[in-house]
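Observations on chain architecture
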Amino acid sequence: MTPYPWGAALTNLVVTAVVVVAVFAAALLVAVRVRGGRHDGIDVVWGAGFAIVAVATLLLSAGDGDAWRRWLITVLTVVWGVRLAWHIGRRNHGTGEDPRYVAILAEAPGHPVAHMVRKVYLPQAVVLWIVSLPVQLGQYGSAGGALSTVVTVVGVLLWAVGFTFETVGDAQLAAFRADPSNKGRVMDRGLWRYTRHPNYFGDSAVWWGLTVLGLHHLAGLIGLVGAALMTWLLVRGTGKKLLEQTIGERRPGYTDYVRRTSGFLPLPPKKKKASS
């Protein structure tokens, strides 16, 4: 293991912070000037932003990290980010503004754009930069031997499990919603039989996998902050918790689905208790 190039890595963090701000500023400009004040495009930018950070780091880390690891982390991040951006963009096409952003705009005490910057654009930019720490720091430093092999195998396996859950789960839900006979019903088939949020579990597993890939050096431990933040957001923040606040009102069978199905980790469904 060679000494970690802290100077180059810290410079990378500064540059990517500027890149992230520029990406979200461009997204805001498009929302206001091109899309007539519709802001759900930022959800597409979320996935694409990680891909941009990964590519920027690949370019900046040349000569300061193992080439194969740099490319591996970048490719895995880009594949995940582009797929997520494409999926959300396709899902939002032909629909109205996201109700979340409608509610946020309705609460604006002053200028609506400034309110969206404070409540949505700036927080998401900060979170994206923090969550991407494993992708950035993991591309720096060189290591070989057993440790490098172990973190690579475990990291790729975790990423593969997460990507499979997210991709298959989204496809299963899209097919379920496309069938008019399922309107108002609860999706409890396929992966959704074992977890109420296979896509959120998949996101989390992807980021833990990318974090493990960066553990070839002790500096990679800093990346644990990013994976932990992503998981917290999915479970307790803007993901699962927010989504389930009102879904029970729209789908009467959801309460029973919650009773028998794991909220996050894939587990066998609970059996219905026999009545006495």
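For clarity, every value in this text was computed on a predicted model and none was experimentally measured. (Residues numbered from 1 in each chain as written. Predicted model: local features only at pLDDT ≥ 70, side-chain atom pairs only at ≥ 80, totals over all residues. Heavy atoms only, no water.)

The next subject is the overall build of the protein. Scanning the protein from terminus to terminus reveals eleven helices and zero strands. Along the protein, helices and strands appear, N-terminal first, in the series α-α-α-α-α-α-α-α-α-α-α. The globule rule puts the C-alpha radius of gyration for 276 residues at 19 Å, and the 20 Å found for the protein is close to it. Over its C-alpha atoms, taken along the principal directions, the protein stretches across nearly 65 × 55 × 30 Å. Sorting the 276 residues of the protein into buried and exposed places 46% on the buried side. A fraction of 79% describes how many contacts in the protein between residues 6 or more apart in sequence connect residues 24 or more apart. Total accessible area on the protein stands at roughly 13900 Å², and carbon and sulfur atoms take up 69% of it. The average position of the 28 basic charges and that of the 15 acidic charges among the side chains of the protein differ by 6 Å. (Helix = DSSP H or I, 4+ residues; strand = E, 2+ residues; numbered from the N terminus. Rg over C-alpha atoms; globule rule 2.2 N^0.38 Å. Buried < 20%, exposed > 50% of the residue type's maximum accessible area, 1.4 Å probe, protein only. Contact = heavy atoms within 4.5 Å. Areas by Shrake-Rupley, 256 points an atom, 1.4 Å probe, with all protein chains shown as cover. Lys, Arg positive; Asp, Glu negative; His and termini not counted. Charge placed at Lys NZ, Arg CZ, Asp CG, Glu CD.)

By the secondary structure assignment, Arg38 is in the loop between helix H1 (6–34) and helix H2 (42–60). Excluding residues that lie within four positions of it along the chain, Arg38 makes contacts with Ala31, Asn92, Thr95, Gly96 and Glu97. Of the polar contacts made by the side chain of Arg38, one reaches the backbone oxygen of Asn92; its length is 3.4 Å. (Polar contact = N/O pair within 3.5 Å; in protein donor to acceptor, adjacent residues only side chain to side chain.)

Tallying each qualifying case throughout the model produces eight aromatic pairs. Between Trp159 and Phe163, the aromatic rings sit 4.8 Å apart at their centres with planes inclined by 10°, giving stacked as the arrangement. With a gap of four residues between them, Trp159 and Phe163 both fall in helix H7 (residues 145–178), about one helical turn apart. Each member of the pair, Trp159 together with Phe163, is buried. (Phe/Tyr/Trp six-rings, centres within 6.5 Å; stacked < 30°, edge-to-face > 60°.)

This part covers the environment of Arg259. Relative to the helices and strands, Arg259 resides in helix H11 (residues 254–260). Looking at Arg259, the relative accessible area reads 34%, which means it is partly exposed. For the pair Arg259 and Lys270, spaced eleven residues apart in sequence, the C-alpha separation works out to 7.7 Å. A polar side-chain atom of Arg259 sits 3.2 Å from a polar atom in the side chain of Asp256.

A word on a nonpolar patch on the surface. On the surface, Trp6, Leu10 and Ile222 cluster together to form a nonpolar patch covering roughly 280 Å² of accessible area. Turning to its location among the elements, Ile222 is positioned in the loop between helix H8 (198–213) and helix H9 (224–235). (Patch = residues over 30% accessible without salt bridge, like charges linked within 9 Å, V, L, I, M, F, W, Y side chains within 5 Å. Salt bridge = Lys/Arg side-chain N within 4 Å of Asp/Glu carboxyl O.)

Take the packing of H2 against helix H3 (residues 67–92) next. Across the interface, H2 lies against H3 with an axial gap of 7 Å and an inter-helix angle of 165°. Our classification of the angle between H2 and H3 gives roughly antiparallel. Seen from above, H2 lies across H3 with left-handed handedness. Contacts between H2 and H3 involve Asp43, Val44, Trp46, Gly47, Ala48, Phe50, Ala51, Ala54, Val55 and Leu58 from the former and Arg70, Trp71, Thr74, Thr77, Val78, Trp80, Gly81, Val82, Leu84, Ala85, Ile88 and Gly89 from the latter. (Axes fitted to C-alpha atoms, helices over the stretch in contact; angles between N-to-C directions. Parallel < 35°, antiparallel > 145°, perpendicular 65-115°, else oblique. Left-handed = near helix turned anticlockwise from the far one by under 90°.)

Here we take up the confidence of the model for the protein. Taken residue by residue, the protein gives an average pLDDT of 90. The fraction at 70 or more is 92%. Within the protein, helix H10 (residues 240–250) has the poorest average pLDDT of any element, 53, and helix H6 (residues 133–137) the best, 97. (pLDDT = per-residue confidence, 0-100.)

Moving on, we get to the side chain of Arg69. The residue Arg69 is located in helix H3 in this model. Given the relative accessible area of 1%, Arg69 is considered buried. Dropping the residues within four chain positions of it, Arg69 is found in contact with Gly138, Gly141, Ala143, Ser148, Leu213 and His216.

Here H9 is twelve residues long and its end C-alpha atoms lie 16 Å apart, about the 16 Å a rise of 1.5 Å per residue gives. For H9, the full list of buried residues reads Gly226, Ala227, Met230, Thr231, Leu233, Leu234 and Val235. (Expected span 1.5 Å × (residues − 1).)

What follows is about the pattern of salt bridges. Scanning all chains against the criterion turns up ten salt bridges. Between Asp43 and Arg100 there is a salt bridge, with its nearest N and O atoms 3.0 Å apart. One end of the pair, Asp43, is in helix H2; the other, Arg100, is in helix H4 (residues 99–106), and 57 residues separate them in sequence. Across the salt bridge formed by Asp256 and Arg259, the nearest N and O atoms sit 3.2 Å from each other. Taken together, the positions of Asp256 and Arg259, both in helix H11 and three residues apart, correspond to about one turn of that helix. Residues participating in the shared-partner salt-bridge network are Asp188, Asp256, Arg259 and Arg260.

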